[in-house]
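Next come the chains, spelled out residue by residue.
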Amino acid sequence: MRHITLLLAFLAAKIITGQTYFYIDQIAVVPPAPTTADDVSIQLIGNLSSSGSYIVSAEASMNGSLVALTIVAASTGGLTVLVPHTEAIAIGQLPAGDYTIAFTLGSSGILDSAPAQQHTFTVTGQGGDPCDDVLIPSVRWHAFSDTAIVVHVVNNSTEGFSYPNFILFDSNGDTLAKETVNFFGIAQESWHFLRVMEGVIMPSMPINGTLELWTLFTEELACSWSMSIDLCPPETCSTFMPSMGNYGGALVLGTFNWSVSDGSGTIANGQFEMTASDQYVSANLCLPPGEYQMDVSPTGPPTGGGPMFFATDESGYGTELWPVAWSLPVSLPVHFYAPCIDGTNAVEEAPESLFNVRRIPNGLLMERMDGRAIGPVHLFDPQGRLVYEASGLTDRLVVPLSTMGVHVLRMEDAVLKVMTGIE
């Protein structure tokens, strides 16, 4: 602390060489015991030298653990009387640690007479149980595997949870799935891969179980959550990202056509472009659970590198890598939330005898075959966004449609998966 004391003395000597308009008697930190969750401010408490004295500017900047204040005071004259004054300066949230307050050489017209101990303060962690600030947005099947579970974690605490791994238990305390330690700690947002234990048969959904977070290679239990878990996504469709990357030693250059299809045909397609600066590319779809095929084919002659394609979701976990072929391409089979295809969260096809949906130039023509009014209709695009809603008062309704991919029509008594491609 000796260098800090010398710095304060040096800056104070510089400041008092001119006329004084603001006498600073105390420095207060608000709140008095700040944590990393608090917005910190510095209050300079004292007296102006006259009725015409005022603060021209008051600013703060951070330089590591040094809170540097630049205060400029001036006066227009007035009565020579001491006028009580408090100048508050907002700092904002600070990391945990010890801090020192000092006035910069740009300050003028002030005299700092506050006690030395008021020039330092400490910011601590939020306190309480750090597990309270760890959120679990979802516990789901791995989007492309029925032998793994992915836990989505948002860590709002200041705790890093060294060498973590998650374990999922059922209501009887039996281990359903376990993560192999793969991270040094838990970042603000992360996805964790849990392998389903060999021989385990998942109980019917929802699972009333316990998710535990262990640290230090499963030596210490850090957090525990009792929860009801449905491993299938609750949304009608989920993020599906057709992707391509270079896994070889040279650049992959050129354009590549991609498509995703199911048993009824192509449901989405597009084109990847690989450049010297973009060696990983992807598209974004929203698909219901199902069995799909993905294809990628080059539009030009063979290139260098190791072009591979695959599907992934927002977690980064995906399918196996599949080579791009310049001869006869071979489709990549994609099992997307396969355990959920026939579950309560899967999109059910309405009986063919009830609805007839066909493309027309300006969208879709819906017909209800039993002659009843169609009623409320909601159309969701490939990203799961509501793009159209209406109420059919008769047995026929035209639904506007301008985008390609898997759309979902939701009615009161049925859900239709509508596959649209390029016409």
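Bear in mind the structure is a predicted one, so any value in this text is a computation, not a measurement. (Residues numbered from 1 in each chain as written. Predicted model: local features only at pLDDT ≥ 70, side-chain atom pairs only at ≥ 80, totals over all residues. Heavy atoms only, no water.)

Section: the overall build of the protein
A count of helices and strands for the protein gives 1 helix and 31 strands. Residues classed as buried in the protein amount to 44% of the 423 residues present. Per element, the accessible surface of the protein, about 21100 Å² overall, is 53% carbon and sulfur. (Helix = DSSP H or I, 4+ residues; strand = E, 2+ residues; numbered from the N terminus. Buried < 20%, exposed > 50% of the residue type's maximum accessible area, 1.4 Å probe, protein only. Areas by Shrake-Rupley, 256 points an atom, 1.4 Å probe, with all protein chains shown as cover.)

Describing the pattern of salt bridges
Close approach of charged atoms allows side chains of opposite charge to pair. For the coordinates displayed, the defined rule picks out 2 salt bridges. The partner of Arg396 in a salt bridge is Glu367, and the shortest N-O contact between them spans 2.7 Å. Of this pair, Arg396 sits in strand E29 (residues 396-400) while Glu367 sits in strand E26 (residues 363-368), placing them 29 residues apart in sequence. Of the charged contacts, one joins Asp370 and Arg368 as a salt bridge, the two residues approaching to 2.9 Å between their closest N and O atoms. Given the relative accessible area of 40%, Asp370 is considered partly exposed. Taking the relative accessible area as the measure of exposure, Arg368 reaches 5% and is therefore buried. (Salt bridge = Lys/Arg side-chain N within 4 Å of Asp/Glu carboxyl O.)

Overview of the sheet that holds strand E24 (residues 332-336)
Taken together, 4 strands build an open sheet; the order of strands is E18-E17-E21-E24 and the sheet is antiparallel. Two strands close off the open sheet at either side, each with one partner strand: strand E18 (265-274) and E24. The mean inter-strand angle of the sheet, taken between neighbouring strand axes irrespective of direction, is 25 degrees. (Pairing = 2+ DSSP bridges. Axes fitted to C-alpha atoms, helices over the stretch in contact; angles between N-to-C directions.)

Side note on the sheet that holds strand E11 (residues 165-169)
Spatial strand order, E9-E10-E13-E12-E11-E14-E15: 7 strands in an open sheet with antiparallel pairing. Looking at the sheet topology across the chains shown, the edges are occupied by strand E9 (134-141) and strand E15 (220-229). With strand direction ignored, the average angle separating the axes of adjacent strands in the sheet is 25 degrees.

Notes on the side chain of Ser53
Structurally, Ser53 is set in strand E3 (residues 53-63). Side-chain polar atoms of Ser53 contact the side chain of Ser50, separated by 2.9 Å. Reaching out from Ser53, the side chain makes a polar contact with the side chain of Ser75 at a distance of 3.4 Å. With residues up to four places along the chain from it excluded, the contact list for Ser53 reads Tyr21, Leu48, Ala74, Ser75 and Gly77. (Polar contact = N/O pair within 3.5 Å; in protein donor to acceptor, adjacent residues only side chain to side chain. Contact = heavy atoms within 4.5 Å.)

Section: the side chain of Asn246
Tracing the backbone shows Asn246 in strand E16 (residues 238-246). Among the polar contacts made by the side chain of Asn246, one reaches the side chain of Gln279 at a distance of 2.7 Å. Among the polar contacts listed, one links the side chain of Asn246 to the backbone nitrogen of Gly306, at a separation of 2.8 Å. Ignoring anything within four residues of it in the chain, the contact list for Asn246 reads Leu251, Val252, Met274, Gln279, Gly305, Gly306 and Pro307.

Observations regarding the environment of Asn47
Within the element layout of this structure, Asn47 appears in strand E2 (residues 40-48). Taking the C-alpha atoms as reference, Asn47 lies 4.3 Å from Pro84; in sequence the two are 37 residues apart. Residues in contact with Asn47, not counting those within four places in the same chain, are Tyr21, Phe22, Tyr23, Asp25, Leu82, Val83, Pro84 and His85. A distance of 3.3 Å separates the side chain of Asn47 from the side chain of Asp25, its partner in a polar contact.

Notes on the pairing of E18
Here strand E17 (residues 254-262) pairs with E18 via 9 bridges, running antiparallel. Looking at E18, one finds that Ser261 is bridged to Thr266. What sits between the antiparallel neighbours E17 and E18 is a turn of 2 residues.

Structural notes on the pairing of E15
Examined bridge by bridge, strand E14 (residues 207-215) and E15 share 9 bridges and lie antiparallel to one another. Paired with Gly209 across the bridge in E15 is Met227. With antiparallel pairing between neighbouring strands as the criterion, E14 and E15 make up a hairpin whose turn holds 4 residues, including Leu216 at a positive phi of roughly 55 degrees.

Concerning a nonpolar patch on the surface
A cluster of nonpolar side chains, contributed by Tyr163, Phe184, Leu216 and Phe217, occupies part of the molecular surface with about 440 Å² of accessible area. Mapped onto the secondary structure, Phe217 falls in the loop between E14 and E15. According to the relative accessible area criterion, Phe217 is exposed, its value standing at 53%. (Patch = residues over 30% accessible without salt bridge, like charges linked within 9 Å, V, L, I, M, F, W, Y side chains within 5 Å.)

Some thoughts on the state of the cysteines
All chains considered together, the criterion is met by 3 disulfides. Take the cysteines of the protein that form disulfides and number them in order along the sequence; they join up as 1-2, 3-6, 4-5. (Disulfide = S-S within 2.5 Å.)

Topic: the confidence of the model for the protein
Looking at the protein, the pLDDT average stands at 85 and 88% of residues meet or exceed 70. Across residues 13-17 the pLDDT falls below 50, and counting only partners more than four positions away or on other chains, this stretch makes 7 contacts in the model. Counting contacts from residues 344-352, a segment whose pLDDT is below 50, to residues more than four positions away or on other chains yields 21 contacts. (pLDDT = per-residue confidence, 0-100.)

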